[in-house]
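Given next are the chains, with one letter for each unit.
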Amino acid sequence: MAGPGGDMQWCFSQVKGAIDDDVAEADIISTVEFNHTGELLATGDKGGRVVIFQQEIENKSQPQFRSEYNVYSTFQSHEPEFDYLKSLEIEEKINKIRWLPQKNAAQFLLSTNDKTIKLWKISERDKRPEGYNLKEEDGRYKDPNTITSLRVPVLIPMDLMVEASPRRVFANAHTYHINSISVNSDNETYLSADDLRINLWHLEITDRSFNIVDIKPANMEELTEVITAAEFHPHQCNTFVYSSSKGTIRLCDMRASALCDKHSKLFEEPEDPSNRSFFSEIISSISDVKFSHNGRYMMTRDYLSVKIWDLNMENRPVETYQVHEYLRSKLCSLYENDCIFDKFECCWNGNDSVVMTGSYNNFFRMFDRGHRRDVTLEASRENSKPMQVLKPRKVCAGGKRKKDEISVDSLDFNKKILHTAWHPQDNIIAVATTNNLYIFQDKVN
Amino acid sequence: MAGADGDDSLYPIAVLIDELRNEDVQLRLNSIKKLSTIALALGVERTRTELLPFLTDTIYDEDEVLLALAEQLGNFTMLVGGPEYVHCLLPPLESLATVEETVVRDKAVESLRKISQEHSPVDLEVHFEPLVKRLASGDWFTSRTSACGLFSVCYPRVSSTVKAEIRQHFRTLCSDDTPMVRRAAASKLGEFAKVLELDYVKSDIISLFTALASDEQDSVRLLAVEACVSIATLLPQEDLETLVMPTLRQAAEDKSWRVRYMVADKFSELQKAVGPEITKNDLVPAFQNLLKDCEAEVRAAAANKVKEFCENLPEDNREQIIMTHILPCVKELVSDTNQHVKSALASVIMGLSTILGKDNTIEHLLPLFLAQLKDECPEVRLNIISNLDCVNEVIGIRQLSQSLLPAIVELAEDAKWRVRLAIIEYMPLLAGQLGVEFFDEKLNTLCMAWLIDHVYAIREAATCNLMKLVEKFGAEWAQNTIVPKVLGMANDPNYLHRMTTLFCINVIVHCCGYPYREITTKQMLPVVLKMSNDQVANVRFNVAKSLQKIGPVLDSNALQTEVKPVLEKLASDTDMDVKYFAQEAISVLALA
């Protein structure tokens, strides 16, 4: 495939969500995730809802329009709760969604809020039973004396119905807030990580989990580091990584011992002393870590950059991409408005040649690894005509502002793109702005 | 089958059928559980043509309903018209074998295996085997995992061409893309090997076994260890070395601790399967390594097997192997850093004394027992104490008693009540082995102290312990040592302790019973009666309950003149509960 800055152009496909500027808190999208085939796209929001979109069957008459995503199922995954023992409110916000590899005609996903992980089954039903002995179809009861023969109900076709049903609830295992869940390649276990611990679950067992990482110090005053994200290797069932607020990534081998307190690899880039500042530690905190599909690399996102690491090289990343370097001079104000703590996520394209991550002002960035090219695009209502090509955006870092450039000072820091997802095979991306989900695709010539 | 006026008999069946689709899961479940009643009423014809097609499409239901359905269908042969028509049950079971819920799938497979036996050889090839093939080549892994469990039931009963196809299908599933299917195949490998001809075991199964045992997924490799046991049992001794041992050696040194854990966990079975020669040459060093493994989980699993492994060593040089190879490792485990390892060892180590005999036990094992009795972890000490009987037979418990006592006292006063509870449970055993004198001298005080423990569970267990001690040492002992102390507590300022007196009296009366009417009437009854004036209602209604228990032992004179007035007084108590139990006692003792 060609790079985003090169031959390929991205064009608008769809936008989901309310148009008005008045954003309801519950509608803020908190996670976006394609399933393994890309046929389904799930979003979670702060209101605890999960919305699943399904890609329509290809439309033969209009080849330039690739099939669109339409709502397939919507359900309330989590409800607000109150922990009476700790006097804490537990938000219903969906922190993460992970699809399970398909096992039968139904689809399964894990969704989690701060404390509880749930396994949902999404299944279709197109038949319904008909025929009662004791009542009419409309519910009126028959006179029992008129029954002279038995009737077995028969199944008759009906309009397709999609049902979401909770299959398992994995609760009471996390003291702190869950930031990640990740399904193992053995397809029977998954991990869940909170600020200080990582637990290993069996997908069919809800009453126990194994603690595999615990970084809680005996004395909480000595706490200097928290776990920010964790993920299993896509193929090696024994390998997982977790990132920390100090900018390090630890790779653990579950074969070595039951408790993975000792990492087998530590990925860390020595700090550049010339860039050292009060904010160094905050901006080096890793907000997301993702293995490449082939399992050779991993990508981490910190506040200002995306780094690609070769699993065989621990001392520095093989590639570093600046996402919005122009913000380095603005860190003080970003600290004051708390934006510096925003947790941007990142994702790979289907063949690991391009990575994508979000920024402010509803901008998102793509980096073509082979061609060393990058592009800034914008998700906005202004460019939302069907098949409209997205124009690359440029931010002026200082000096004289050229035509078409946007000054750093006019960036809107309330409009941020934290969550993005890339179709596992095709060039289709889902980009979540505050309460809208944009779907873009490459331009088919 | 319904007559014009036969409605009465149809009505309950009609309800059952309608409730198959009721909104309430409980009612649907109830109907499914009575599926045989429905089928019987419909007759075989309609069961086949109407009920089964309906059930085949009902796989949307809740797991528990599907589970019940899968189970029912396994016993449905007669209801569809006997073995001739048993194949009609295949479609619903086939769809149940593809649902995502493992328990339901497993139950469907179990029922399919059951009804496979009711198929004639022809039907098996015409109906059953095609179903197995369909499942084995299904799109979803759920159906392919289910297929793995069905090969072994049809293989022995089909023609050689079909047999070849079945072997091919099994081979394909062993190298399936998804780990779930490979796991299912690995777990059925041993079972399938058992029904195969020996030549095919050597040619087919061994290569599959080797491949699964070096699978990239830990969860597949560890299942191959289980298959190893059955395969080794099937092969002649001379083939084991070349066909099985390389794989087993590799598993015992696998990079993943979970695989090594599995080897440790299955060690006794493996040992029996490979026989004494290989055990001596191969398994002894492997076992030593597992006992020294770097992962505590593995060491604990191996430690658990120490006794069994030693027991099953070939007798001619058992002692030598244990003394030179196993015991040194065991000695190290006694001071292991992990308490689970130590406590696993403590639960079996005493068993070694019978194998090694008196002299070795005194010289080599006794120091280890004593060290474990002083272990910082209460579970280790408890495990040693709970197995004292093994040592008692070999060297007599006296050898240990000097160290035993401090260990028991410490456990008896442990800050954790569960630890105290555990040691109480061993008291009768200890008392039996140490004898009444030692007991009176050293342990009786502890038993009495537990009666006034601040945790109810401990007081309750102590009461129960008292009963067992009385059973062991007899009523006379009870009268001299226990009764005075128990009765003394009747005047305790704490009402909980006063209640304990009543509970103790209940169990003592229960044990001593009628022959010791004397103690009951003379010593215990007056105390109980006096307590009926207690100011705490809980004590008073327990008096009523106690009287109900003591009553049958007393003579009618005592009942009428002493017990009756007291119960009557309690029956007019101001407290509702006291009244209730007093009235109950009056009616049970027939004093009204």
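Every chain begins its residue count from 1, and numbering advances along the sequence as written. Labels follow written order: the first chain is A, the first ligand is 1, and so on. For a predicted model such as this one, the threshold for reporting local features is a pLDDT of at least 70, and the threshold for listing and counting side-chain atom pairs is 80 or more; totals across whole chains, interfaces and linings nevertheless cover every residue. In computing side-chain properties, one takes all heavy atoms of the structure into account and sets aside hydrogens as well as water.

1. Describing the sheet that holds strand 2 (residues 29-34) of chain A
The strands making up a sheet associate through hydrogen bonds between their backbones, and the pairing can be parallel or antiparallel.
Residue and element names in this part refer to chain A.
1) Next: With respect to topology, four strands assemble into an open sheet ordered 2-3-4-5, the strand pairing being antiparallel. Each of the sheet's edge strands pairs with one partner strand only, and the pair in question is strand 2 and strand 5 (69-76). Strand after strand, the sheet turns through a mean of 20° between neighbouring axes, direction not considered.
2) Next: Where strand 3 (residues 40-45) meets strand 4 (residues 49-55), five bridges bridge the pair, whose relative direction is antiparallel. Across the sheet, residue Ala42 finds its bridge partner in strand 4, namely Ile52. For two strands to be treated as a pair, DSSP must find no fewer than two bridges joining them. Strands here are runs of E lasting at least two residues and helices are runs of H or I lasting at least four, both read from the DSSP assignment and numbered beginning at the N terminus. Where helices are involved, their axes are fitted lines through C-alpha atoms of the stretch in contact, as for all axes, and angles between N-to-C directions lie from 0 to 180°.

2. As for the packing of helix 17 (residues 267-291) of chain B against helix 18 (residues 296-304) of chain B
Residues and elements named next belong to chain B.
1) Next: Between helix 17 and helix 18, whose axes approach to 7 Å, the crossing angle comes to 130°. It follows that helix 17 is oblique to helix 18 by the angle criterion. Each of Phe287, Leu290 and Leu291 in helix 17 lies in contact with helix 18, whose residues at this interface are Val298, Arg299, Ala302 and Ala303.
2) Next: For the contact of helix 17 with helix 18, a count of residues per class yields six nonpolar, no polar and one charged. Here the word oblique covers every angle except those under 35 degrees (roughly parallel), over 145 (roughly antiparallel) and from 65 to 115 (roughly perpendicular). Contacts are assigned to residue pairs with any non-hydrogen atoms lying within 4.5 Å of each other. Gly counts as polar in this scheme, as do all residues outside two lists: the nonpolar Ala, Val, Leu, Ile, Met, Phe, Trp, Tyr, Cys and Pro, and the charged Asp, Glu, Lys and Arg.

3. A word on the interface of chain A and chain B
1) Next: Opposite the 43 residues of chain A that make contact, chain B presents 43 residues.
2) Next: Counting the surface lost from both chain A and chain B, the interface buries some 3,800 Å², and carbon and sulfur atoms represent 52% of this.
3) Next: The largest contributions to the chain A side of the interface with chain B come from A:Leu150, A:Val152 and A:Arg255, which together make up 19% of the buried area.
4) Next: Basic side-chain nitrogens of Lys or Arg form a salt bridge, by our definition, when they fall within 4 Å of a carboxyl oxygen of Asp or Glu. Linking chain A with chain B are seven salt bridges.
5) Next: In this structure, A:Glu188 and B:Arg183 form a salt bridge, with 3.4 Å as the shortest nitrogen-oxygen distance.
6) Next: For this analysis, a polar contact is any N or O atom pair within 3.5 Å, provided that within protein one partner can donate a hydrogen and the other can accept it, and provided that sequence-adjacent residues contribute only side-chain to side-chain pairs. Here chain A is connected to chain B by 23 residue pairs in polar contact (both at pLDDT 80 or more).
7) Next: Considering each element in turn, the side of chain A that touches chain B owes the most residues, seven residues, to strand 10 (residues 117-130) of chain A. By buried area we mean the combined loss of accessible area, with a 1.4 Å probe, across both parts when two parts are placed together.

4. Side note on the pairing of strand 14 (residues 197-202) of chain A
Residues and elements named next belong to chain A.
1) Next: Each residue gets one of three labels from its accessible area relative to the maximum for its type: buried under 20%, exposed over 50%, partly exposed in between, using a 1.4 Å probe on protein chains only. Strand 14 sits mainly inside the fold: five of its six residues count as buried.
2) Next: The pairing of strand 13 (residues 189-193) with strand 14 spans five bridges and is classified as antiparallel. Paired with Ala193 across the two strands is Ile198, which belongs to strand 14.
3) Next: In textbook terms, the turn of a hairpin is the stretch between consecutive antiparallel strands, and for strand 13 and strand 14 this stretch comprises three residues.
4) Next: Where strand 14 lies against strand 15 (residues 210-214), four bridges are found, and the strand directions are antiparallel. Within strand 15, the residue paired with Leu200 across the bridge is Phe210.

5. Some thoughts on the nonpolar core
1) Next: Think of a nonpolar core as a cluster: buried Ala, Val, Leu, Ile, Met, Phe, Trp, Tyr and Cys residues, connected wherever their side-chain atoms sit within 4.5 Å. Residues B:Ile231, B:Ile349, B:Trp450 and B:Leu567 are the most contacted members of the largest nonpolar core, which totals 236 residues.
2) Next: With 11 residues, the single largest contributor to this core is helix 17 of chain B.
3) Next: Setting aside its immediate chain neighbours within four residues, B:Trp450 contacts B:Ala412, B:Ile423, B:Ile424, B:Met427, B:Ile458, B:Arg459, B:Ala462 and B:Asn465.
4) Next: Grouped together as the second largest cluster of nonpolar side chains are 19 residues, A:Tyr326, A:Leu327, A:Leu334 and A:Ile340 included.

6. What to know about the UniProt feature "domain: Phosphatase 2A Regulatory Subunit A helical" (unreviewed entry) in chain B
1) Next: UniProt positions are given in the numbering used here, feature names are shortened, and annotations may be inferred rather than shown by experiment. When the UniProt feature table is mapped onto this chain, "domain: Phosphatase 2A Regulatory Subunit A helical" (unreviewed entry) is found at residues 89-270 of chain B.
2) Next: Helix makes up 79% of residues 89-270 of chain B and strand 0%, whereas the separation of the span's terminal C-alpha atoms amounts to 39 Å.

7. Details of the packing of aromatic side chains
1) Next: Here the aromatic set is Phe, Tyr and Trp, taking the six-membered ring for Trp, and pairing holds for ring centres within 6.5 Å; pairs whose planes are under 30 degrees apart are stacked, those over 60 apart are edge-to-face, and all others are tilted. Within this structure, the stated rule accounts for 35 aromatic pairs over all chains.
2) Next: Taken together, a centroid distance of 5.0 Å and an interplanar angle of 80° make the contact between A:Phe278 and A:Phe279 edge-to-face.
3) Next: Accessibility expressed as a relative area gives 59% for A:Phe278, which makes it exposed.
4) Next: Classification of A:Phe279 by relative accessible area gives buried; the value is 11%.
5) Next: Aromatic pair A:Phe364 and A:Phe440: ring centres 5.6 Å apart, planes at 25°, arrangement stacked. Here A:Phe440 lies in strand 32 (residues 437-442) and A:Phe364 lies in strand 26 (residues 363-368), a separation of 76 residues in the sequence. The pair A:Phe364 / A:Phe440 is uniform in exposure class, with both members buried.
6) Next: Aromatic ring contacts, followed pair by pair, group A:Phe12, A:Phe364, A:Tyr438 and A:Phe440 into a single cluster.
7) Next: One Lys or Arg, A:Arg369, reaches over the ring of A:Tyr297 and ends 4.7 Å from the middle of that ring.
8) Next: Only lysine NZ and arginine CZ atoms are considered, and such an atom sits over a ring when it is within 6 Å of the ring centre and within 35 degrees of the ring normal. For B:Arg48, the ring lying beneath its charged end belongs to B:Tyr85, and the centroid distance is 3.6 Å.

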